[in-house]
Amino acid sequence: MKTFAGCEENFVPYDYSATIEASDSLFIQTCSSEISNPYKPQYNGGIIVNSDLQNGSQGWSQFGNAKVDFREFGGNKFAVAGERNKSYDSVSQKVYLEKGLFYTFSAWLQVTKGKAPVTAVFKKNGEYKHAGSVISESKCWSMLKGGLTVDESGPSELYFESEDTTVEIWVDSVSLQPFTQEEWNSHHEQSIHKARKGTVRIRAVNSGGEPLPNATISIVQNRLGFPFGCAVEKNILGNQAYQNWFTKRFTVTTFGNEMKWYSTERVRGKEDYSTADAMLRFFKQHGVAVRGHNILWEDPKYQPRWVSSLSGKDLYNAVKRRVFSVVSRYKGQLAGWDVVNENLHFSFFESKMGPKASYNTYAEAHIIDPRTTMFMNEFNTLEQPGDSASSPARYLQKLRELQSIRVSGSIPLGIGLESHFSTPNIPYMRSALDTLAATGLPIWLTEVDVDAPPNVRAKYFEQVLREGHAHPQVKGMVTWTGYSPTGCYRMCLTDGNFRNLPTGDVVDKLLREWGGLRGQTTGLTDADGFFEASLFHGDYDLNIAHPLANSSASHSFKLTSEDSQPSPF
């Protein structure tokens, strides 16, 4: 039950669950004899008719030229699309989609041989909206989780697509649940209350231990507990105005270029870390964590010029030297490493050094710096449901490979999601986070920005940041970027006079909501001397004053996610 403007409404709670399976510490899409049947449809199917296929063909029909059957095995009923000649030959259902609603989608899928990516698609007015995909397997069921919004209300047709036309597609436990904006916001509030906040209970007493009613309590947040920051470049060095603007707001950063190979070794054998060293010193002095970005970058366009022509043993030695050089230099000083950047989209090193090149890089980095989290940093996993190269399912496949590294103990892995958005598909973003969150690994949004028309950019930017902050498994966010005299990659937060742009205003608005920018909570103790407040995790200064006692007391404290019970003072 949630109250808005004095009206009570029954809001449907959000189901953050997504099913993947852990076996021998390897996470894979669920395919196990232990789960011989799909789970029940989320939200009882939502607006999908006959979502569990218990009523045969009711609500379902043929799409394209597939032969559609309805079968039963082991007491479970499901739909089958067979004799497929086109990728879109499938089973389908017509639904009515409304503008302004957020649709969360899920389905359980199986194919008849091997493995095959299967995508859920909604056809509407001749346009095709991808809601999500999964790598389906034979002899087991896999859960696809996704979502979508529409620009205008109208009828739509859901179907499933696979480029592998030799397989049958089996479908079961389909769900499409609509949420209003108010419901979506209520999910944020509920999740934030649980994952980002804690309760502090304070009691004011006099020197004799007697309670002091009506004592004035003032609590000021000095530091946000949730890591939130923005990327910087070397122009922050020596620029006092920029430094002041940054340190007032942020607790974490990433260097846009200064740790990358093309910056530290422009000429072979002549390494220069002086700029990165100076930047790291500055941020350490101000208590700002730094993400290590990056050890290697798979995109062929971003190699040092001299590296592009290397091959064989020569390239192997150069890569090994680079990994040792940068990781050993900053060992134990960073909040995480982006190890092999954008490895799902590009394969410069694999193409020249073999399919285990990235695996070996992670292993070597972990041996050198065993306690620092090693991130797989990738784009379009949240941003584009239609990009099959970096779908959550593909991301999980690569994670499974890396999780098998067994040198210097198990490797601490992290999920890095760049989050370079155009028009955000917010329901898909949340569902993709759900799927990746099922690994239990820390998730960071590492390069958040929005490439959209100026009249909507700040709005979209706020939507993405709110969604990331509210997700229980997201452990930090870095935006891309603050300010650059030559222009930011896609958007800046501030101009050259360090006056916020609309995107910077969004950051400040959210920081104030989340207790940043020295947010203050005040109140009076009750008749028994108690004061209780729900606060965001962070570092605080507490002041208690009482005019009659003519005295005051001060105290500093830290509120963390480990404080499950009210922290007493």
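Residues numbered from 1 in each chain as written. Predicted model: local features only at pLDDT ≥ 70, side-chain atom pairs only at ≥ 80, totals over all residues. Heavy atoms only, no water.

So, the confidence of the model for the protein chain
Fine structural detail should not be taken from predicted coordinates in areas where pLDDT scores are low. For clarity, the threshold we go by: Each residue carries a pLDDT value, the predictor's own confidence for that position, ranging from 0 to 100. By definition, residues are in contact when any of their heavy atoms lie within 4.5 Å.
Chain-level statistics for the protein chain give a pLDDT mean of 93 and a share of 95% at 70 or above. Counting contacts from residues 1-8, a segment whose pLDDT is below 50, to residues more than four positions away or on other chains yields 13 contacts. Here residues 22-26 is modelled with pLDDT under 50, and outside its nearest four sequence neighbours on either side it reaches seven contacts, counting other chains as well.

Quick notes on the sheet that holds strand β29 (residues 551-559)
Here is the rule we go by: Between any two strands, at least two bridges found by DSSP are needed for them to pair. Only runs of H or I of at least four residues qualify as helices and only runs of E of at least two qualify as strands under DSSP, and these elements are numbered from the N terminus. Every axis in this analysis is a line fitted to C-alpha atoms, fitted for helices over the stretch in contact. Angles between the N-to-C directions lie between 0 and 180 degrees.
Strand order across the open sheet formed by four strands is β26-β16-β28-β29, with antiparallel pairing between neighbours. Edge positions in the sheet fall to β26 (520-524) and β29, since each has one partner strand and no second. Neighbouring strand axes in the sheet, compared pairwise and without regard to direction, differ in orientation by 15° on average.

Re the sheet that holds strand β14 (residues 169-179)
Ordered in space as β6-β7-β14-β9-β12, the five strands form an open sheet in which the pairing is antiparallel. A strand with exactly one partner marks an edge of an open sheet, and here the two such strands are β6 (67-73) and β12 (142-148). Between one strand axis and the next, the sheet turns through 35° on average, direction left out of account. With three bridges connecting them, strand β7 (residues 76-82) and β14 associate as antiparallel partners. Pairing of V80 across the sheet is with W170, part of β14. Relative to β14, helix α1 (residues 181-195) is tilted by about 95°, and along the sheet it contacts β9 (102-111) and β14. Packing of helix α10 (residues 426-437) onto the sheet brings it into contact with β9 and β12, and relative to β12 it is tilted by some 155°.

Some points on empty space enclosed by the protein
Regions of empty space are outlined by a rolling probe, equal in size to a water molecule, passed over the atoms. Where we set the bar: Space inside and on the surface of the protein is sampled on a 1 Å grid over the protein atoms alone, with a cavity defined as a set of points where a 1.4 Å probe fits but cannot get out and a pocket as an open set with protein on both sides within 12 Å along at least 5 of 7 lines; lining residues have an atom within 4 Å of a point. Grid points are joined across faces, edges and corners, and a volume is the space filled by probe spheres set on the points. Polarity classes work like this: nonpolar for Ala, Val, Leu, Ile, Met, Phe, Trp, Tyr, Cys and Pro, charged for Asp, Glu, Lys and Arg, and polar for all others, with Gly in that last group. As annotated, the domain borders come from an automatic or database domain assignment.
Going through the model one piece at a time under the given rule, you end up with two cavities of 30 Å³ or more. In this model, the largest cavity occupies a volume close to 70 Å³. Of all elements in the fold, only β11 (127-137), β12, α9 (392-403) and α10 reach the threshold of two or more residues within the lining of the largest cavity. Classifying every residue of the lining of the largest cavity by side-chain character gives six nonpolar, four polar and one charged. Looking at which domains feed residues into the lining of the largest cavity, each of domain 1 (42-179) and domain 2 (231-469) supplies at least three. Within this model, the second largest cavity holds a volume of roughly 60 Å³. Lining the second largest cavity are K260, W261, Y262, N294, I295, L296, W297, Y302, Q303, P304 and R322. Contributing elements (two or more residues each) for the lining of the second largest cavity: α3 (261-264) and β19 (289-297). In terms of residues, the lining of the second largest cavity owes the most to one element, β19, which gives four residues. When the residues that make up the lining of the second largest cavity are grouped by side-chain class, the tally is seven nonpolar, two polar and two charged.

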